[in-house]
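Analysis of the macromolecular model
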Amino acid sequence: MLPLQLDKVCFSAGGRSIIDHISLEIGTGPRTILLGPNGAGKSVLMRLCHGLLQPTSGAVLWRGAANGGRPRQQAMVFQRPVMLRRSALANITYGLKLAGIAPGERELRARDVLEVVGLLHVAARSARVLSGGEQQRLALARAWALNPEVLFLDEPTANLDPGATRDIESIIAAIHASGTKIIMSTHNLGQARRLGDEILFLYAGRLAERAPVDRFFRQPASAEAAAFIKGELPWQ
Amino acid sequence: MLALGEALRLVGRLDPELVAIVALSLKVSLSAVALAAAAGLPLGAAIAVGRFPGRKPLIVVLNALMGLPPVVVGLLVYLLLSRAGPLGEFGLLFTPAAMVTAQAILILPIIAALSRQVLEDAWKDYEEQLHSLGAGTFDAALTLLWDARFSLVTIVLAGFGRAAAEVGAVMIVGGNIDGVTRVMTTAIALETSKGDLALALGLGFILITLVLLLNSAAYLIKEAAQRRYG
């Protein structure tokens, strides 16, 4: 279903422009990181791509999808995971049911993915009583179980401690290795370097710069990106 | 004091007349709450999740109907079921069925309006996640009903309390016929006006105790379940 193509996408809410004429194409392969300060429009751009928001003007197109509309082979993990009031296992089979997976296969798939993220031992426990890090791992498992072609991640470690962040990052790496395209937003530069292949730098609703990770950090082309990198890493 | 002693004696020896009245009260109010919940919870969920023209006025009307006076509901159901009324041919007036109908109408708005509020608050948290997973409006409404089940129990209990405590509607459509449609509240009203304070007090005592017991049980179940499911 890739490439994903944005054509002069704008989004405004309450008379305020949040995304301002962004055009870009995202293809298969490299992990794409949306980087930028708070309020730059990272989360909104991701929701526009995922189809949770409709652009005020412009178009979001999945070139590879049969109908060009919103394809099902995509999933999203949010900054704050929403756990349903049921067991960890049932949280995953719930998503599989909505995706139209046959009843017999749901639990097998759910157990497999729980094992990979290290949560099989809490499969029967209620998702709501798990720790923050476990809940986010479960949210990743729920998305991964759908076997998406594209996975959107909206600052998935913003609320987590370093240990839990490491767990999440290694799961994201594994999802990438399994062939899923990763599109992730963060304002953590270290994470962008660890997990990213290419950077989309957003500033004030505009795409200020797009570059491979190495180049972006070594030699940012835009003044905004240079200031952002410097501001975030004042000791460098 | 004398009346209170007599009341306790009536309760203590399970006076058959008293037992029949209590049993009918429970039967009528529990049936009414079951009907009202079966219709009101899905209605609340549909309004919480759905987006359609006229939604906001509907919410206002539903909220206002929570204050529906029981005698007015009784009168409306009376007109519907009386011989000359549109449903007169079924001969339901002055039967327990008529009382169930009236009480169900009385508490339907309470259950629908309160569950709408609870589910809409939950929906704010769930909306993006459920849409992301591909849930349609129907799936989302069902999921919300199930996930908010502990809060909904309290709402259904509020409905039961209202049904069990009201006099006006059951008095008008039931007629307070001895052995047929006499329930606790209508009996209390009658015995008080006759001066038989013992029976009236005994019934009042039982009514309060039953409501208290039911609420305690529901509270304990809710507590235990919430500890388990978070």
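Quick look at the structure, then. Owing to the predicted nature of the structure, the values given are computational and were not obtained by experimental measurement. Going along each chain's sequence as written, the residues are numbered from 1 onward. Working convention: letters from A go to chains and numbers from 1 go to ligands, in the order in which they are written. In keeping with the predicted nature of the model, local features appear solely for residues at pLDDT of at least 70, side-chain atom pairs appear and are counted solely at 80 or more, and the whole-chain, interface and lining totals rest on all residues. Based on all heavy atoms of the structure, the side-chain values leave hydrogens and waters out of the count.

**A closer look at the overall build of chain B**
Stated formally: Where helices and strands are cited, they refer to DSSP runs of H or I of at least four residues and of E of at least two residues respectively, numbered from the N terminus. In this scheme, a residue with accessible area under 20% of its type's maximum is buried, one over 50% is exposed, and one in between is partly exposed, where area comes from a 1.4 Å probe on protein chains only. Should any heavy atoms of two residues lie within 4.5 Å, those residues are considered in contact. Note on areas: Shrake-Rupley with a 1.4 Å probe; residue coverage comes only from the protein chains shown. A residue counts as positive if it is Lys or Arg and as negative if it is Asp or Glu; His and the chain ends are not included. Lys charges are placed at NZ, Arg charges at CZ, Asp charges at CG and Glu charges at CD.
Assigned secondary structure in chain B consists of 10 helices and 0 strands. The linear arrangement of helices and strands in chain B, starting from the amino end, is α-α-α-α-α-α-α-α-α-α. Seen through its C-alpha atoms, chain B measures out along the principal axes to roughly 65 × 50 × 25 Å. The 230 residues of chain B split such that 44% are buried. A fraction of 74% describes how many contacts in chain B between residues 6 or more apart in sequence connect residues 24 or more apart. Looking at chain B as shown, the accessible area adds up to about 11,300 Å², and 72% of this sits on carbon and sulfur atoms. In chain B, which carries 16 positive and 16 negative side-chain charges, the distance between the mean positions of the two groups comes to 1 Å.

**Some words on the packing of aromatic side chains**
Counted only if it meets this: Here a pair means two rings of Phe, Tyr or Trp (six-membered ring of Trp) with centres within 6.5 Å. Their orientation is stacked below 30 degrees between planes, edge-to-face above 60, and tilted elsewhere. Geometrically, a charge over a ring is one whose NZ (Lys) or CZ (Arg) sits within 6 Å of the ring centre while staying within 35 degrees of the ring normal.
Considering all chains together, one arrives at 7 aromatic pairs over all chains under this definition. With a centroid separation of 6.4 Å and an interplanar angle of 65°, the aromatic rings of Y78 of chain B and F94 of chain B are classed as edge-to-face. Remark: F94 of chain B occurs in the loop between α4 (70-81) and α5 (96-132) and Y78 of chain B occurs in helix α4; sequence separation between them is 16 residues. Residue class for F94 of chain B comes out partly exposed when judged on its relative accessible area of 34%. An aromatic cluster of at least three residues, connected via ring pairs, comprises F201, Y203, F216, F217 and F228 of chain A. It is R149 of chain B that lies over the ring of W146 of chain B; its NZ or CZ is 4.0 Å from the centre. Here the basic side chain of R149 of chain B rests over the ring of Y229 of chain B, its NZ or CZ set 5.2 Å away from the ring centre.

**Section: the interface of chain B and chain A**
Threshold: In short, buried area is how much 1.4 Å probe accessible area vanishes from two parts on joining, totalled over both. A carboxyl oxygen of Asp or Glu within 4 Å of a side-chain nitrogen of Lys or Arg is what we treat as a salt bridge.
Listed as interface residues are 21 residues of chain B and, on the opposing side, 21 residues of chain A. Interface area for chain B against chain A, summed over the two sides, is near 1,900 Å², with a carbon-plus-sulfur share of 50%. It is E128, Q129 and L133 of chain B in chain B that bury the most area against chain A; as a group they hold 33% of the surface buried on that side. For the interface between chain B and chain A, the tally reads 4 salt bridges. Note that R128 of chain A and D147 of chain B form a salt bridge whose closest N and O atoms lie 4.0 Å from each other.

**Description of the sheet that holds strand β3 (residues 32-35) of chain A**
All names here are of chain A. Short version of the rule: Two strands pair if DSSP finds at least two bridges between them. Each axis is a line fitted through C-alpha atoms, and for a helix only the stretch in contact is used; angles between axes span 0 to 180 degrees, taken between their N-to-C directions.
Read across the sheet, 6 strands follow the order β5-β6-β7-β3-β8-β9 without closing on themselves; strand pairing throughout is mixed. Edge strands, defined here as strands with exactly one partner in the open sheet, are β5 (74-77) and β9 (206-212). On average, each strand axis in the sheet is inclined to that of its neighbour by 15°, with strand direction left out of account. On top of the sheet, helix α4 (residues 132-145) reaches β5 and β6 (150-154); it is set at about 175° to β5, its chief contact.

**Remarks on the side chain of S126 of chain A**
Cut-off, in case you're wondering: Counted as a polar contact is a pair of N or O atoms within 3.5 Å, where, for protein atoms, one must be capable of donating a hydrogen and the other of accepting one, and residues adjacent in sequence contribute only when both atoms are in side chains.
With respect to the element layout, S126 of chain A can be found in the loop between α3 (103-116) and α4. Engagement of the side chain of S126 of chain A in a polar contact is seen with the backbone oxygen of Y229 of chain B, the distance being 2.5 Å. When near neighbours in sequence (up to four residues on either side) are disregarded, S126 of chain A contacts R86 and S87 of chain A together with R228, Y229 and G230 of chain B.

**Details of the environment of I107 of chain B**
Residue and element names in this part refer to chain B. Secondary-structure assignment places I107 in helix α5. Expressed as a C-alpha distance, the spacing of I107 and M66, which sit 41 residues apart in the sequence, is 7.4 Å. Setting aside residues no more than four positions away along its own chain, I107 makes contact with A32, V33, A36, G159, R162 and A163.

**Description of α4 of chain B**
At 3.6 residues per turn, the α-helix brings residues three or four places apart onto the same side. Residues and elements named next belong to chain B. We count it as follows: What a helix should span is 1.5 Å times the count of its residues minus one. Taken from the helix axis, the directions to the C-beta atoms give the arc we talk about.
Counted at 1.5 Å a residue, the expected span for α4 with its 12 residues is 16 Å, and the 16 Å between its end C-alpha atoms agrees. Taken as a whole, α4 has its buried residues at P70, V73, G74, V77 and L81. Buried residues of α4 fall within an arc of 100° about the axis and therefore sit on the same side. Considering only its buried residues, α4 is in contact with α5, α7 (149-165) and α8 (168-174).

**Brief notes about the pairing of β5 of chain A**
Where a strand is regular, its side chains alternate between the two sheet faces. Residue and element names in this part refer to chain A. Residues Q74 and M76 point to one face of β5 and A75 and V77 to the other, with burial holding for every one of them. Sheet topology note: the β5/β6 ladder contains 4 bridges and is parallel. Each residue of the ladder has a partner; that of V77, found in β6, is L153.

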